[in-house]
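# Tertiary structure, described
Listed below, chain by chain, are the residues.
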Amino acid sequence: MRTLIPRLFNLPGLTRRHLLFYLLPPLLAVIAYMATTVKTDISAFILAGDNAEEILLASEMQSGVLSRRYLLSVGAKQPGGVPQQFVRQLRARLQGIDGVADVWSPSQQRDVVQELLSLYSKHAGSLYSLEPENDLAKLFTPQGLQDRAALLKQALLSPQASMVKTIVRHDPLLLTLDAFKEQVGTLQQAADPQAQYQNLVLETTMSGLEVPEQSRIQQAIQAEFDGLVQNEGQRFQLEMTGVPIFAVATQNLIKGDIEKVSALSSIALIVLFFLIFRSFNALFQVFSLLLIVILSAILATQATFGYVHGMTIALGSTLVGICIDYPIHAVVHAHTVTAAERYAVVARIWPSMVLGGLTTLIGYVALGSSGYPGFQQIAVYAATGILLALLLTRFVLPGLVKTREQRQLNIPCVGPWARFCRRHRLGLSLLLLAGLGVALWGVQSLRWLEDMQQLTPELNYLKENDKRIRARMVSVEPGRFIMVTGADNETALRKTEQVYRTLQELKRQGGLSEYFGLYPWLLSVGQQLQNRQLLQQYLTEDNLALWREALRQQGLSVKLLGRFDYPQTEPLKPEQVFATPAKRLLDSRVIESEGKTVVMIWIADHDYDLVKATFAGWSGVQYFSYRELLNGMLQDYTEKAEMLLLAGLALIVALLIVRYRSVFKALQTLMPAVMAAFFIFGIWGLSGALISFLHLVGFLLAVAICVDYGIFYQENRGGDIALTYQAMAASMLTSVLAFGCLITADSTSLRTLSGVVAFGVLLGFLLCPIIIRHTPEK
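This write-up is about the structure you can find in this document. Everything numeric here is computed off the predicted structure, so don't read it as measured data. Sequence order as written defines the numbering, with residues in each chain counted from 1. For a predicted model such as this one, the threshold for reporting local features is a pLDDT of at least 70, and the threshold for listing and counting side-chain atom pairs is 80 or more; totals across whole chains, interfaces and linings nevertheless cover every residue. Each side-chain value is derived from all of the structure's non-hydrogen atoms; neither hydrogens nor water enter the calculation.

## Examining the environment of Leu535
Going along the chain from the N terminus, every DSSP run of H or I of four or more residues is numbered as a helix, and every run of E of two or more is numbered as a strand. Here Leu535 lies in helix H25 (residues 525-538). Residues Leu535 and Glu133, 402 residues apart in the sequence, show an inter-C-alpha distance of 9.1 Å. Any pair of residues with heavy atoms lying within 4.5 Å of one another is described as a contacting pair. Leaving out residues up to four positions away in the same chain, Leu535 has contacts with Gly125, Tyr128, Leu136, Phe140, Leu175 and Tyr566.

## A few points about a nonpolar patch on the surface
Exposure above 30% relative accessible area and the absence of a salt bridge qualify a residue for a patch, where like charges join within 9 Å and nonpolar side chains (Val, Leu, Ile, Met, Phe, Trp, Tyr) within 5 Å. A 1.4 Å probe and the Shrake-Rupley method give the accessible areas. Residues count as covered only by the protein chains that appear here. A carboxyl oxygen of Asp or Glu within 4 Å of a side-chain nitrogen of Lys or Arg is what we treat as a salt bridge. A cluster of nonpolar side chains, Val30, Tyr33 and Met34, forms an exposed patch at the surface whose accessible area comes to about 420 Å². With a 1.4 Å probe rolled over the protein chains alone, any residue whose accessible area is under 20% of its type maximum counts as buried; one over 50% counts as exposed, and the rest are partly exposed. Classification of Met34 by relative accessible area gives exposed; the value is 67%.

## Looking at the environment of Met353
Mapped onto the elements of the fold, Met353 is located in helix H18 (residues 342-368). Met353 sits in the buried class, given a relative accessible area of 0%. Residues Met353 and Ala330, spaced 23 residues apart in sequence, show a C-alpha to C-alpha distance of 9.6 Å. Each residue touching Met353, except ones within four places of it in the same chain, is listed here: Tyr326, His329, Ala330, Leu390, Thr393 and Phe712.

## A look at the packing of aromatic side chains
How two aromatic rings sit relative to each other is given by the distance of their centres and the angle of their planes. Only Phe, Tyr and Trp rings are paired, with Trp represented by its six-membered ring, and only when their centres lie within 6.5 Å; those with planes under 30 degrees apart are stacked, over 60 edge-to-face, the remainder tilted. Applying the stated criterion across every chain yields a total of 18 aromatic pairs. For the ring pair Phe86 and Phe236, a centre distance of 4.4 Å and an interplane angle of 40 degrees mean the geometry is tilted. With Phe86 in helix H5 (residues 84-95) and Phe236 in strand S5 (residues 236-242), this residue pair connects regions lying 150 residues apart in the sequence. Residue Phe86 is classed as buried on the basis of its relative accessible area, which comes to 2%.

## As for the pattern of salt bridges
If you walk through the whole model with that rule in mind, you get twelve salt bridges. Salt-bridge contacts for Arg93 lead to Glu224; the nearest nitrogen and oxygen are separated by 3.7 Å. Separated by 131 residues along the polypeptide, Arg93 in helix H5 and Glu224 in helix H12 (residues 211-229) bring together distant segments of the chain. Taking the relative accessible area as the measure of exposure, Arg93 reaches 32% and is therefore partly exposed. Here Glu224 falls in the partly exposed class, since its relative accessible area comes to 27%. Between Arg717 and Glu715 there is a salt bridge; the shortest N-O distance is 2.8 Å.

## Examining the packing of helix H17 (residues 325-334) against helix H19 (residues 373-395)
Axis geometry follows a simple rule: fit a line to the C-alpha atoms, using only the stretch in contact for helices, then measure angles between N-to-C directions, giving values from 0 to 180 degrees. Between H17 and H19, the least distance of the axes is 9 Å, while the angle of their chain directions is 15 degrees. By the angle class used here, H17 and H19 are roughly parallel. Once H17 is placed against H19, the crossing between them reads as right-handed. Of the residues in H19, those in contact with Tyr326, Pro327 and Ala330 of H17 are Ile386, Ala389, Leu390 and Thr393. Just so you know how the angles are binned, under 35 degrees is roughly parallel, over 145 roughly antiparallel, 65 to 115 roughly perpendicular, and the rest oblique. Take the far helix as the reference: if the near one is turned anticlockwise from it by less than a right angle, the crossing is left-handed, and if turned clockwise, right-handed.

## Regarding the packing of H17 against helix H34 (residues 721-740)
At their nearest, the axes of H17 and H34 sit 9 Å apart, and the two run at 140 degrees to each other. Judged by the sense of rotation from one axis to the other, the crossing of H17 with H34 is right-handed. Here Asp325, Ile328, His329, Val332 and His333 of H17 lie close against H34, whose contacting residues are Leu723, Thr724, Ala727, Met728, Ala730, Ser731, Thr734 and Ser735. Here the residues of the contact of H17 with H34 sort into six nonpolar, six polar and one charged. The residue classification treats Ala, Val, Leu, Ile, Met, Phe, Trp, Tyr, Cys and Pro as nonpolar and Asp, Glu, Lys and Arg as charged. All others, Gly included, are polar.

## Here we look at the sheet that holds strand S4 (residues 197-204)
In spatial order, the strands read S3-S4-S2-S5; together these four strands make up an open sheet with antiparallel pairing. Only two strands of the sheet have a single partner each, and these edge strands are strand S3 (100-104) and S5. Neighbour-to-neighbour, the strand axes of the sheet open up by a mean angle of 20 degrees, direction not taken into account. Of the strand pairs in this sheet, strand S2 (residues 69-76) and S5 are connected by seven bridges, and their pairing is antiparallel. In the strand pairing of S5, Ser73 is matched with Glu239. The sheet strands contacting H5 are S2, S3, S4 and S5, and the helix crosses S3 at an angle near 170 degrees. Relative to the sheet, helix H13 (residues 243-277) contacts S2 and S5, its axis offset from that of S5 by approximately 85 degrees. Strand pairing requires that DSSP identify at least two bridges connecting the strands.

Structure representation (structure tokens):
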């Protein structure tokens, strides 16, 4: 091995240290492949929260019950609907898939209600109402008891007679049906055997964001359906939605972009680098260094966070555009001197590299201070990459440069542009000021993105499919809800009962069409005790006589039904309810964590302003929607990122002032980067494009690279400004190419970054000889 590598790459005198350097990339690649966990869900990249409720909801969206459920819709391609037998066969097949916890249909929930009514009838005296004073006052009148006896007769003659007979043993007044009448009516609607669509809910044992497992399950679902539908003459079709569907699609999108962009940019950079330097030796050295940098950054991020997000890799790998500056400058200057002078010449430009690295780190650390997962990961990724690139360039790379002859870099058009700028600096400066004025005017028209869903228009087909499927399903949780927070279950339930009464009033006013709470499945112990006490006050001999008379008028047995024998059972506790099949109906609406219980009341069509204003002053009660939660986080994220970026720029200015001991020189060094950024902002404003936090990331990358250009051009530590500008041109071309390759991505976000950074880097490079004055002799 020690003799083979020198022959292949013309590296005579390869030392053990150098051999270790060349073996590091494959070694780190193996370690990264084995040790790195990659996440691709966008919420894992941007979701955080400023309060406990938001953090809890973010966690629920990523790994809770809702994230583990699929909504399946089986449609008939021809009249006649989907037969229940086919649905039962499909459900049995799906239940056998490894990783599937349960499969059920809305019509199946009707059976669950019937099964549980026998249990709840024993607690009818405690659970019959949220407004017992009003309901009991209406019931215990001669007319009220007459109506109740007629209802009892109708129920005993109905197809549900067997269920009713079970209830009346404990609940002769059918108080249980008062509580469950809406649920029974709604669930009966879901069992239409002639429906064009039949729906299933499938729950998995693992989080919806465990993409490899969810991808396997999705393939298995489709395979089981295809195998079954073949026997039916292909008369049915299957559609799926849910968090796992979006998670798998997002990962495939990001993974495809990473693979495509990485392969394209690697090939393009290798070709460009060879065309510039015409040296396999330099090519192998620099790209070995960059591989070490990128792989080490991935491992550092994994070690810090326990996972690496795909967006971090996609955005962080563009760090090549920054880190390659340092080895390019080292190689360009090392090729102009003898082998004995190479460490010395790299040491001479080393202070400029360090200053450029520090200014870049400041920007990334500022973003990392925002507290959001994505920016924190990018900050760690970038800091590791930049520091390692600087150290390898300074202490390893000079010893690897083994060219036998000195060469001067000469990229076409670079020298003529610098000379043109020197001759026409005044005119170009005036033109620059005019362009800056136009850009500042455009900045005033900037429009910020307010809907996070617009970040992923490439997934619109899934969003439309999701909306279409949910419209076919009954009692499927909508995306907006009232969130009630309590220190424990009892406190949360009592607050929830107060919210129910207010929601009932909103329904009467027409501001709300429907809501789906925990009642009648769950009621606070306090409300249950109150219901029981009030009921006992009405169970008098006079009311019993009225009830028996009503039974005789309906022809019903007074001997079997003419009693008020309500058992004095203990209040029904949440843990008892969750031990029954009702858990399936409720677990997506109750989130328990250490020292906190959150109850979500899903609401249907409503007056947004009215509902939000109604609960604005309530303690522990908030109006929420997943979409608005995400959008609120997006707005907070963007505002905080803006402030931190400004703070980062202020720190960069302060660092340059300390370094140069001159405010003018510091501002002059920073000016190419700042003006390039202003031009970018101006173009965004004039074009009417919507700006998001990803544009801020692009802004940061452009400024970080261009600040390095200003530093290298200002300090010119190599002593030859023409050579320095040639080195800058080489690094600029590689950066523009690296970011330009992002234009081929399917992700809109990555394409946005492509144009922003590539244009900013090119513009910053071109502005250096206009803003910073140098002569060839200086």
